[in-house]
Amino acid sequence: MTNPSIPTPKPYILDIAPYVPGVAKAADGRALTKLSANENPLGCSEAALAAMMQSRAAARYPDPDSIALRSALGELHGIDPARIVCGTGSDELLNLAAQAFAGVGDEVLMPQFSFAVYPIAARRVGAVPVEAKAKDFGADVDALLAAVTPATRIVFIANPNNPTGTWLPHSEIMRLHAGLPGDVLLVLDQAYAEYLDDEGAPGLALASEAENVLVTRTFSKIYGLASARVGWATGAPHLVDALNRIRGPFNVTGAAQAGALAALGDQDFVRRSREANARVRADFVARLEGLGNRGVSVVPSEANFVLVRFGDQPTAERVRDAIADAGYAVRHLPGQGLGEALRITIGSAEDMAAVGDAIESAITG
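This section reports on the structure supplied with the text. (Residues numbered from 1 in each chain as written. Predicted model: local features only at pLDDT ≥ 70, side-chain atom pairs only at ≥ 80, totals over all residues. Heavy atoms only, no water.)

## Focus on the pairing of strand β8 (residues 231-235)
Part 1: Of all five residues in β8, five are buried, a share of seventy percent or more.
Part 2: Covered by surrounding structure in β8 are Gly231, Ala233 and Gly235 together with Trp232 and Thr234, the residues of both alternating faces.
Part 3: Across four bridges, the pairing between strand β2 (residues 84-87) and β8 is antiparallel. By the bridge assignment for β8, Gly87 is matched with Gly231.
Part 4: Taken together, the five bridges between strand β7 (residues 213-218) and β8 define a ladder with antiparallel strand orientation. Counted as the bridge partner of Thr218 is Gly231 from β8. (Buried < 20%, exposed > 50% of the residue type's maximum accessible area, 1.4 Å probe, protein only. Helix = DSSP H or I, 4+ residues; strand = E, 2+ residues; numbered from the N terminus. Pairing = 2+ DSSP bridges.)

What follows is the structure, encoded as structure tokens:
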């Protein structure tokens, strides 16, 4: 029961389960190597690091419109910079999309096993998050379209998907878009797009043509700038205008803008990160597939992590603890209906060999 003598949050705020970040310590307080937050094991571009270190205008407000960064993004991706808005990570932009286009009583649709921020973004504006049943741990276009109602205002879909790593081909994205009412906003969260060979370019093309598609990207993943908190979104001018009206006026710091700008100029680092991830991920998955007769399975992934499934939740917890004993933190996801699974970021080859040893020992010992 609420206390009438103190400020009381809106009831839909109290319905929010706070976001839980990936752990970095063991239960006994030991520091662990983080394979729980999908960070880039190669770090970031040396050019990006140098640019952030050289940004000394701490007493001055940053460029409120991230003009140089938007110009560079536009040049790299063939987008009019006026159709780009930058944010404090893509998380801010996802939340702004919900704030601008949904409200109390509206519905925000997403696939089962989606990014945990989506239901939070919906609930913080009083909207109702609605899940459409997944297919093979990924988005099912038919289930999503069947779940659309007159109250649906937004559809969130991550492609590649977090936390499962699944990916919908462009033909399926187009089919989803074609089946949505024109007044429903389709948000394509492409945080992991750079890990694809085509970098998710068709999604950007759709955002350049459609009136109801917003694509979000981030510098936190392949660019290795998670601490800088830089994201960006692109879509029709009226969508970008709506987000610009409600974002923070100086939402991306000067150092972050400098680092992101330098990172864009080092596409060799992006290429090396993509190639290393694909190589190490393939070796790790092949090793785990060798434990298939022990109840271990891996959901096919196009991202920098894999979702590893075990027979049941107690087994997943035992394996998680064994991995922690070996010095690594991974992500257990019972709150997202994946209690029998662990999401494991792809680290260095040495990291994945050690994690593989821990899993094999826990399963076969």
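## What about the packing of helix α3 (residues 67-77) against helix α10 (residues 254-264)?
Part 1: Running from N to C, α3 and α10 point in directions that differ by 20°, and their axes come no closer than 9 Å. It follows that α3 is roughly parallel to α10 by the angle criterion. Crossing of α3 over α10 shows left-handed handedness. In this structure, α3 uses Ala68, Leu69, Ala72, Leu73 and Leu76 to contact α10, whose residues at the interface are Ala260, Leu261 and Leu264.
Part 2: A class-by-class count of the residues in the contact of α3 with α10 yields eight nonpolar, no polar and no charged. (Axes fitted to C-alpha atoms, helices over the stretch in contact; angles between N-to-C directions. Parallel < 35°, antiparallel > 145°, perpendicular 65-115°, else oblique. Left-handed = near helix turned anticlockwise from the far one by under 90°. Contact = heavy atoms within 4.5 Å. Nonpolar A, V, L, I, M, F, W, Y, C, P; charged D, E, K, R; others polar.)

## Points about the sheet that holds strand β12 (residues 331-333)
Sheet strands associate in pairs through backbone hydrogen bonding, adopting either a parallel or an antiparallel arrangement.
Part 1: An order of β9-β10-β13-β12 is seen for the four strands of this open sheet, with the pairing classed as antiparallel. A single partner strand is all that each edge strand has here, and the edge strands are β9 (297-299) and β12. Averaged over all neighbouring strand pairs, the angle between strand axes comes to 30°, with direction disregarded.
Part 2: Note that β9 and strand β10 (residues 305-309) share three bridges and pair antiparallel. Within the sheet, the bridge partner assigned to Val299 lies in β10 and is Leu307.
Part 3: Across the sheet, helix α11 (residues 267-289) is in contact with β9, β10 and β13 (338-345); its angle to β10 comes to roughly 5°.
Part 4: Those strands touched by helix α12 (residues 313-325) are β12 and β13, and its axis lies near 30° from that of β13.

## What about the nonpolar core?
Part 1: In this structure, Ile157 and Phe219 are the most contacted members of the largest nonpolar core, which totals 51 residues.
Part 2: Take this core: its biggest share by element is five residues, from α10.
Part 3: Dropping the residues within four chain positions of it, Phe219 is found in contact with Leu69, Leu73, Gly224, Leu225, Ala226, Val230, Trp232, Ala260 and Leu264.
Part 4: Counting residues in hydrophobic clusters, the runner-up holds 27 residues, among them Phe115, Val117, Ala127 and Phe156. (Core = buried A, V, L, I, M, F, W, Y, C linked by side-chain atoms within 4.5 Å.)

## With respect to the environment of Ile6
Part 1: Tracing the sequence through the fold places Ile6 in the segment before α1 (11-14).
Part 2: Sequence separation between Ile6 and Asp136 is 130 residues; the distance between their C-alpha atoms is 47 Å.

## So, the pattern of salt bridges
Part 1: If you walk through the whole model with that rule in mind, you get 15 salt bridges.
Part 2: Salt-bridge contacts for Arg247 lead to Asp65; the nearest nitrogen and oxygen are separated by 3.0 Å. Of the two residues, Arg247 sits in the loop between α9 (237-246) and α10 while Asp65 sits in the loop between α2 (46-53) and α3, which places them 182 residues apart along the sequence.
Part 3: Glu340 is paired through a salt bridge with Arg309; the nearest N and O atoms lie 3.1 Å apart. Here Glu340, found in strand β13, pairs with Arg309, found in strand β10; they are 31 residues apart in sequence, far enough to count as distant.
Part 4: On the basis of relative accessibility, which here comes to 25%, the residue Arg309 falls in the partly exposed class. (Salt bridge = Lys/Arg side-chain N within 4 Å of Asp/Glu carboxyl O.)

## As for the sheet that holds β8
Part 1: The sheet built from seven strands is open, its strands ordered β2-β8-β7-β6-β5-β3-β4 with mixed pairing. Each edge of the open sheet is held by one strand with a lone partner, namely β2 and β4 (128-132). Adjacent strand axes in the sheet meet at a mean angle of 25° when their direction is disregarded.
Part 2: Two elements, strand β3 (residues 107-111) and β4, share five bridges in a ladder whose sense is parallel. Along β4, the bridge assignment pairs Pro111 with Ala132.
Part 3: α3 rests against β2, β7 and β8 of the sheet, and its axis sits at about 125° to β2.

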